[in-house]
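# An overview of the molecular structure
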Amino acid sequence: MNFEKYPFEKLNELLKDIKPNDNYEPSALTIGEPQFETPKFIQNALSKSTSLLKKYPASAGLPELKEAMINFVKKRFNVTLKDKQLVTTFGTRESLFNFPQFLLFDKKEPTIAFTNPFYQIYEGAAIASRAKVIHINLTKQNKFKAKLSDKELEKCDLVILNYPNNPTSAEMTKKELGEWVKKALEFDFVLVNDECYSEIYFDESKKPSSLLEASIEVGNVDFKNVIVMNSISKRSSAPGLRSGFVAGDENILESYMQYRTYVGCASPVPLQKAAAVAWNEDFHVDEFREIYKKNFKIAKEILGITPPKATFYIWLEVEDDLEFTKNLYKEKNIKVLPGSFLGRNGMGQGYVRIALVENEEKTREILKRLKDFIDG
């Protein structure tokens, strides 16, 4: 299989011969990994469960974890899921990679469409599935919102959306997501929304919508052809827990659950115990959101950007993303991710992705350096 190098490998190659200005502390705004300590109550739940390492974890996951996830979906999106409509997963990266392989196994010439620029696991899944790819190009002109023609949709077996979007921070409304659900039913393809940034938002009155909500809104109450994936990583600053879920069409998920028993991706029991506690608690999530909100307020003040409504990314337009990245590292010892590393066919060029995942003090200092570089 001919997989592309991961964006961070490409970044290391781009910067390997550059000596950064060591008058500044090294600062990396490249990876979507919250740089905050996982809350103590989650750590305590983990430490109290270490004796359970002696047990093999069941593929279906602990009942208490599944219940916590179903409760989260009910509280957050007002969607009531049946037990068979949710599968616990080892984070969402593994399911984003193996779900397409499971779904498309019997297709002679499968076709996947996904947003472009993108999280590279989508492309890896397409390669592993031997699928043709249709890129859903996200541009400033279309406000980074996904759109395909009916002619293209007729060819699709699987469509992967990602809203709130990485890397552009764009959102789609419940109505817009509902139009995609209608298309999934009309052209009989499976529609997935990767919703791992759904909990990083800044206005309680304008929370990001789930594809599950949109499905109900357009009358598809059984979620036929509709799947969502979500993770605790960003929500709880706990990517190491590897706790995620796949939810939606129970006819698809029943077979996917059976498939997963062979894949062997069950999360260790102590991690599941800690994850169940985290999914059930909301106060710590509110605290993290406040930090990100302050970071974007600082970014608006220093860089003059319009803060996004969700995610912790700035999708900063620049003249040449590769040269900008190299020179910023050389002069200010700051790493950002070139947009061209995240897209294909020219998508992402002329942008850099900046992850505001540090505390308020660090964010202010780094963004002042960044502003000095831009002005210079």
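In this text, all values refer to a predicted model and were calculated from it rather than measured experimentally.

## Topic: the packing of helix α3 (residues 63-77) against helix α10 (residues 269-279)
- Where α3 contacts α10, the axes come no closer than 8 Å and their chain directions differ by 20°. Considering their axes alone, α3 and α10 lie roughly parallel with respect to each other. Crossing geometry of α3 relative to α10 is assigned as left-handed. Between α3 and α10, the contacting residues are E64, L65, A68, M69, F72 and K75 on the first element and Q272, K273, A275, A276 and W279 on the second.
- Class assignment of the residues belonging to the contact of α3 with α10 gives a composition of 7 nonpolar, 1 polar and 3 charged.

## So, the packing of helix α11 (residues 283-303) against helix α13 (residues 360-375)
- Viewed as axis vectors pointing N to C, α11 and α13 meet at an angle of 25°, and their least axial separation amounts to 10 Å. In this view, α11 runs roughly parallel relative to α13, as classed from their interaxial angle. For the crossing formed where α11 meets α13, the hand is right-handed. Contacts between α11 and α13 involve K294, N295, I298, A299, E301, I302 and L303 from the former and E360, T363, R364, L367, K368, L370, K371 and I374 from the latter.
- Tallied by class, the residues present in the contact of α11 with α13 amount to 7 nonpolar, 2 polar and 6 charged.

## Quick notes on the UniProt feature "domain: Aminotransferase class I/classII large" (unreviewed entry) in the protein chain
- Following the UniProt record, one finds the feature "domain: Aminotransferase class I/classII large" (unreviewed entry) at residues 29-370.
- Spanning residues 29-370, this segment combines 40% helix with 15% strand, and its end C-alpha atoms are found 11 Å apart.

## So, the layout of surface pockets
- In this structure, the largest pocket occupies an estimated 680 Å³ of space.
- Every residue lining the largest pocket is counted, 27 residues in all, and those nearest its centre are T168, S169, A170, P308 and K309.
- Of all the secondary structure elements, the ones that give two or more residues to the lining of the largest pocket are α7 (174-187) and β9 (313-317).
- For the lining of the largest pocket, the element with the highest residue contribution is β9, accounting for 5 residues.
- Its residues assigned to classes, the lining of the largest pocket shows 12 nonpolar, 5 polar and 10 charged.
- Inspection of the lining of the largest pocket shows a minimum of three residues originating in each of domain 1 (7-32 + 283-375) and domain 2 (40-280).
- Of the voids in this model, the second largest pocket is the one considered here, and its volume is about 540 Å³.
- Put simply, the parts of the chain that give the lining of the second largest pocket at least two residues each are α1 (7-15) and α4 (93-104).

## A look at the environment of Q85
- Among the structural elements, Q85 can be located in the loop between α3 and β2 (86-90).
- For Q85, a relative accessible area of 3% gives the class buried.
- In this view, Q85 contacts T80, D222, F223, V246, A247, G248, E250 and L253; residues no more than four positions away in its chain are not counted.
- Here the side chain of Q85 touches K82 through a polar contact of 2.8 Å, landing on its backbone nitrogen.

## A few points about unusual backbone geometry
- Omega for the bond connecting N116 with P117 falls within 30 degrees of zero, at 10°, which places this linkage in the cis form.
- For P117, the location among the structural elements is in the loop between β3 (111-116) and α5 (121-128).
- A cis amide bond, omega 0°, links Y163 with the succeeding residue P164.
- Note that P164 resides in the loop between β5 (158-161) and α7.

## Notes on the pattern of salt bridges
- Evaluated as defined, the whole model comprises 27 salt bridges.
- As a salt-bridge pair, E13 and K5 come within 2.4 Å of each other at their nearest N and O atoms.
- Residue K5 is classed as partly exposed on the basis of its relative accessible area of 41%.
- Here the residues in one salt-bridge network are E4, K10, E123 and R344, joined through shared partners.

Rules used in this analysis
- Residues numbered from 1 in each chain as written.
- Predicted model: local features only at pLDDT ≥ 70, side-chain atom pairs only at ≥ 80, totals over all residues.
- Heavy atoms only, no water.
- Axes fitted to C-alpha atoms, helices over the stretch in contact; angles between N-to-C directions.
- Helix = DSSP H or I, 4+ residues; strand = E, 2+ residues; numbered from the N terminus.
- Parallel < 35°, antiparallel > 145°, perpendicular 65-115°, else oblique.
- Left-handed = near helix turned anticlockwise from the far one by under 90°.
- Contact = heavy atoms within 4.5 Å.
- Nonpolar A, V, L, I, M, F, W, Y, C, P; charged D, E, K, R; others polar.
- UniProt positions renumbered as here; feature names shortened; annotations may be inferred.
- 1 Å grid on protein atoms, 1.4 Å probe; cavity = no way out; pocket = protein on both sides within 12 Å on 5 of 7 lines; lining within 4 Å.
- Points joined across faces, edges and corners; volume = space filled by probe spheres on them.
- Domains from an automatic or database assignment.
- Buried < 20%, exposed > 50% of the residue type's maximum accessible area, 1.4 Å probe, protein only.
- Polar contact = N/O pair within 3.5 Å; in protein donor to acceptor, adjacent residues only side chain to side chain.
- Salt bridge = Lys/Arg side-chain N within 4 Å of Asp/Glu carboxyl O.

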